[in-house]
Amino acid sequence: MKRMVLWLIVAAVVGLGLYVRLAPADPARWHVPVVAEADRDLPGGVIRVVQTGPDGLARLDQVARATPRTTVLAGSVDEGLITYVSRSRVFGFPDYTTAQQDGDTVRIYGRLRFGRRDFDVNRTRVDGWLAALQS
């Protein structure tokens, strides 16, 4: 009986892990314009509004694409709106980061998909991307 309970727990953990890694990402839900006028730190993410010049999104795109475990979900520099999926190293939890060019301003919204708190993972990534833009 104890063995059976142990196997059920293992199966549940493996199933949850597979769901986190394989759950489809709906661009209609995540690839949406960033509506913000000021920086905000949120429990499950971060918003940054920065003056970058008209090529800010193109430069940010290069930085984001060079980030390990980060891919484009939808959008492009030409469209002026891109959403990236960045996955955690061990469990593969997805975080979504949308960046939008608006004149000389880039608006960025990084947020988690699963859970309620991201323990500043999105803030660290987004602020790192912005720091790389300035170097």
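What counts and what doesn't
- Residues numbered from 1 in each chain as written.
- Predicted model: local features only at pLDDT ≥ 70, side-chain atom pairs only at ≥ 80, totals over all residues.
- Heavy atoms only, no water.
- Phe/Tyr/Trp six-rings, centres within 6.5 Å; stacked < 30°, edge-to-face > 60°.
- Helix = DSSP H or I, 4+ residues; strand = E, 2+ residues; numbered from the N terminus.
- Buried < 20%, exposed > 50% of the residue type's maximum accessible area, 1.4 Å probe, protein only.
- Salt bridge = Lys/Arg side-chain N within 4 Å of Asp/Glu carboxyl O.
- Core = buried A, V, L, I, M, F, W, Y, C linked by side-chain atoms within 4.5 Å.
- Contact = heavy atoms within 4.5 Å.
- Pairing = 2+ DSSP bridges.
- Axes fitted to C-alpha atoms, helices over the stretch in contact; angles between N-to-C directions.

(A) Main features of the packing of aromatic side chains. What the rule picks out here adds up to 4 aromatic pairs. Between Y84 and W129, the aromatic rings sit 5.6 Å apart at their centres with planes inclined by 75°, giving edge-to-face as the arrangement. One end of the pair, Y84, is in strand β4 (residues 81-87); the other, W129, is in helix α4 (residues 121-134), with 45 residues separating them in the sequence. Both residues of the pair, Y84 and W129, belong to the buried class.

(B) Molecular detail of the pattern of salt bridges. According to the stated counting rule, one finds 9 salt bridges in the structure shown. D41 is the partner of R48 in a salt bridge, and the nearest nitrogen-oxygen pair spans 2.9 Å. The buried category is assigned to R48, whose relative accessible area is 9%. The partner of R107 in a salt bridge is D102, and the shortest N-O contact between them spans 2.8 Å.

(C) Broad picture of the nonpolar core. The biggest cluster of nonpolar side chains holds 15 residues, and the ones touching the most others in it are L60, I108, W129 and L130. Leaving out residues up to four positions away in the same chain, W129 has contacts with L60, V63, A64, T67, T70, Y84, S86 and T97.

(D) Representation of the sheet that holds β4 in the model. Pairing is antiparallel across the open sheet formed by 6 strands, whose spatial order is β1-β2-β6-β5-β4-β3. Every interior strand has two partners, whereas the edge strands, β1 (40-42) and β3 (70-76), have only one. Geometrically, the sheet is characterised by an average inter-axis angle of 15° between neighbouring strands, direction not taken into account. Note: β4 against strand β5 (residues 94-102), 7 bridges, orientation antiparallel. Paired with Y84 across the bridge in β5 is T97.

(E) Examining the side chain of D95 more closely. With respect to the helices and strands, the residue D95 is situated in strand β5. Apart from the residues lying within four places of it in its own chain, the contact partners of D95 are Y84, V85, S86, R111, L112, R113, V121, N122 and R125.

(F) Focus on the pairing of β4. Most of β4 is tucked away: 6 of the 7 residues are buried. Note that β3 and β4 share 6 bridges and pair antiparallel. Across the sheet, residue T70 finds its bridge partner in β4, namely S86. Here β3 hands over to β4 after 4 residues, with G80 in that stretch at a positive phi of 85°. Two successive antiparallel strands, β4 and β5, enclose a turn made up of 6 residues, where G92 displays a positive phi of approximately 75°.

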